[in-house]
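Summary of structural features
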Amino acid sequence: MSVHIVAFGNERGGFSEDDQQRSLIWTYLGRSALVSETDSSLLLNSANYVRNPAFTEYQACVFGNVRLVVHDCPLWDIFESDWYTSRNLIGEADIIVIKYSVNDKSSFQEVKDIYAPLIKKTLNHCSVPVIISAVGARQNEVPCTCPLCISDRGSCVTASEGIQLAKELGATYLELHSLNDFYIGKYFGGVLEYYMIQSLNQKSSEKMKKRKKSHKCNGVKPPQLDQPEKMPILKGEASHYDSDLHNLLFCCQCVDVIFYSEDLKEVAEAHRIVLCSISHVFMLLFNVKSPADIQDSSIIRTAQTLFTANQEALFPILNHGSSCNSPVRVIVKDSFFCSCLSDILHFIYSGAFQWELLEEHIKKKLKDPENVELVLERVKCILKIPGKINSSRNCRSYLSKRPLQLCNSSLRLFFNTTVLADVMFKIQGATVPAHRAVLVARCEVMAAMFNGNYIESNSFLVPVYGISKDTFLSFLEYLYTDSCCPGSILQAMSLLICAEMYQVSRLQHICELYIITQLQSMPSRELASTSLSVVSLLRKAKFHNSDCLSNWLLHFIASNYLIFSQKPEFEDLSVEERNFVEMHRWPSSMYLKQLAEYRNYIHSRKCHCLVM
């Protein structure tokens, strides 16, 4: 065991190595009966202390085998120059001694105003005894020890000031008029040794308490529960909605609009559903809306002056036995606009947000700035929202804030409506209208079905089997809007099966992430009581080639082994799946065995369980 004493302050008003033997700590260690003669001789010969720029360290043996370590810090500057060291010294101290000379009033004032509050703050209510030692005789002919005497208050530190400082720190106050045997050995030494004994008793008591506590349950240590394995990470698939519609312009499938120049030369092919989703001008041109619905003279004027549609093809009679209808023929009256029409269509099909790129392409084709400005104004009128003022700045700002949203937000208006519909799906006795151009652009299976040698390519009414109407509507909604929101895990699984049937991989990933998110958010109590069969989800995920989801579900069952092992569906796992779950289960069987042994030991010894 050891006792650590830290002493602060200069009790002689000025510190030098020549006066080293007259310091309070040095004198006490040299004269104390506790220190053996050998240690005392070593100390006096300056051979058993370690020098440091901030403090002097003494070491000796007291009470036979107790190691005494004393750090004497005569300079208070240690709190400013090396706060880390001073804080560590106070933190490790068993006893703190504050020394000052009664004839150095300025030094005492610094201790009282600056350093004593720092020591008090560092102790932070720790029960470390503090001794304040006022050293020296006041410079009067007859030293006065009366606390009320003020005869030497101007230049000396009075006893009342020292007592007040001791009260603030909760310390013991001592006045040492000289460093003789009485004041050092009996007075200061007696108080210091009393606190040394108190410190040793406290340490011995704490050591015994720790020993008894460790002996209570030292036979078996509680088992350590490892963390469960990390769940597989499912990566989502980026949207390719814009590229799907843009590719539709290149593939020329399901074309129902052909643009001609005024000399009846074919200029470009397009799709009414895409054009109408972007522009009210095209809605008016193809009679999706009437002038009374739009009520914007600039849009009506643009449609009348810029285009002329073949009236015979505006309202084709849909033949239920065939979907092959003549496309609408549209004549472009403006020659400059007609020459830039392919670039304008690329701009529209890409989402109508690359305005700067469109400007660049038009400037390359039309050298005259006036013609460029005229065509750009035409495009702004096509994209104009009824009732709003249109300008180049407003158009650019509007399009930059809504990239890729013009099509998918506007196509929603044509979802599950007969407007411009060219195909009907018959499902569960009901019919669902749709548009071939959207289906072909967004789904490769639909593209092959409507453009290959299949009966559906020439049929207006297409039957759908094996899927509910609600699931198929959710599937179509994703194709039109690039988003979906299942109402439950079972609905998400049904939509995943539909997406797998039509090979729409991104929708499969969205459904997988939805199922995983919902299962992860379930509390253990809800997971144990739910009627939802996770094993059934696993079966469906495997059957429909959802490898990522099936792998995640196996890990999920293994990570919640104690819950799923109690469910009847657990028996439906295959041998291979059961082996996987047993291998990756959490908590492991070894941990449960060790926990049972530990509990039995605790109950047999009637000890307090460290785990609980």
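Residues numbered from 1 in each chain as written. Predicted model: local features only at pLDDT ≥ 70, side-chain atom pairs only at ≥ 80, totals over all residues. Heavy atoms only, no water.

Describing helix 17 (residues 369-383)
Taking 1.5 Å as the rise per residue, helix 17 with 15 residues should run 21 Å; its terminal C-alpha atoms sit 21 Å apart, in good agreement. Of all the positions in helix 17, only N371, V372, V375, L376, V379, K380, I382 and L383 are classed as buried. For helix 17, the N-terminal cap is D368; the gap from its side-chain oxygen to the backbone nitrogen of E370 is 3.1 Å. (Helix = DSSP H or I, 4+ residues; strand = E, 2+ residues; numbered from the N terminus. Expected span 1.5 Å × (residues − 1). Buried < 20%, exposed > 50% of the residue type's maximum accessible area, 1.4 Å probe, protein only. Polar contact = N/O pair within 3.5 Å; in protein donor to acceptor, adjacent residues only side chain to side chain.)

So, the pairing of strand 4 (residues 66-73)
A large share of strand 4 lies buried, amounting to seven of its eight residues. Pairing of strand 1 (residues 2-8) with strand 4, which is carried by seven bridges, proceeds in the parallel orientation. Residue pairing for strand 4: V3 is matched across the bridge by L68. Bridge analysis of strand 3 (residues 56-62) against strand 4 gives seven bridges, and the strand direction is antiparallel. From the neighbouring strand, A60 faces strand 4, where its bridge partner is L68. As consecutive antiparallel partners, strand 3 and strand 4 are separated by three residues, and within that stretch F63 has a phi angle of approximately 50°, a positive value. (Pairing = 2+ DSSP bridges.)

A look at the confidence of the model for the protein
Per-residue pLDDT for the protein has a mean of 82; in total, 83% of the residues score no lower than 70. Of the regions scoring below 50 in pLDDT, residues 397-407 engages in 24 contacts with residues more than four places distant in sequence or in other chains. (pLDDT = per-residue confidence, 0-100. Contact = heavy atoms within 4.5 Å.)

Some points on the sheet that holds strand 10 (residues 307-309)
Taken together, four strands build an open sheet; the order of strands is 9-8-11-10 and the sheet is mixed. Looking at the sheet topology across the chains shown, the edges are occupied by strand 9 (266-270) and strand 10. On average, each strand axis in the sheet is tilted by 25° relative to the strand beside it, whichever way the strands run. Here strand 8 (residues 257-260) runs beside strand 11 (residues 328-332); their pairing, made up of four bridges, is parallel. Considered in strand 11, the bridge of V257 is made with V328. Running at roughly 10° to strand 9, helix 15 (residues 341-349) makes contact with strand 8, strand 9 and strand 11 of the sheet. (Axes fitted to C-alpha atoms, helices over the stretch in contact; angles between N-to-C directions.)

Observations concerning the environment of L595
One can find L595 in helix 30 (residues 589-605). According to the relative accessible area criterion, L595 is buried, its value standing at 11%. Between the C-alpha atom of L595 and that of P223, which follows or precedes it by 372 residues, the distance is 6.1 Å.

Comments concerning the packing of aromatic side chains
Aromatic ring pairs are defined here through the distance separating the ring centres and the angle between the ring planes. Applying the stated criterion across every chain, the model contains 23 aromatic pairs. Centre to centre, the rings of F259 and F307 are 6.1 Å apart; their planes meet at 50°, and the pair counts as tilted. Of the two residues, F259 is situated in strand 8 and F307 in strand 10; the sequence distance between them amounts to 48 residues. Here the aromatic residues F259, F282, F286, F307 and F337 are joined through ring pairs into a cluster of three or more. One cation-aromatic arrangement involves R442 over Y478; the distance from NZ or CZ to the ring centre is 5.1 Å. (Phe/Tyr/Trp six-rings, centres within 6.5 Å; stacked < 30°, edge-to-face > 60°. Lys NZ or Arg CZ within 6 Å of the ring centre and 35° of its normal.)

Observations regarding the packing of helix 5 (residues 105-123) against helix 6 (residues 159-169)
For the pair helix 5 and helix 6, the least separation of the axes is 11 Å and the interaxial angle reads 10°. As summarised for this structure, helix 5 and helix 6 are arranged roughly parallel, according to the angle between their axes. Residues K105, F108, V111, K112, A116 and K120 of helix 5 touch helix 6, and the partners they reach there are E161, G162, L165, E168 and L169. (Parallel < 35°, antiparallel > 145°, perpendicular 65-115°, else oblique.)

Remarks on helix 24 (residues 505-520)
Three- or four-residue spacings in an α-helix give side chains the same orientation, since the helix completes a turn every 3.6 residues. Compared with an ideal rise of 1.5 Å per residue, which puts 16 residues at 22 Å, helix 24 spans 23 Å between its outermost C-alpha atoms and is within 8% of the ideal. Along helix 24, the positions that sit buried rather than exposed are R506, L507, Q508, C511, E512, Y514, I515, I516 and L519. Buried-residue contacts for helix 24 involve helix 22 (469-481), helix 23 (489-501), helix 26 (534-543) and helix 27 (547-559).

Describing the pairing of strand 5 (residues 95-101)
Counted residue by residue, strand 5 has seven buried out of seven residues, so it is predominantly covered. Residues I95, V97, K99 and S101 line one face of strand 5 and the alternating positions I96, I98 and Y100 line the opposite face, and both faces are buried. For strand 1 and strand 5, the ladder comprises four bridges, and the chain directions are parallel. Residue pairing for strand 5: I5 is matched across the bridge by I95.

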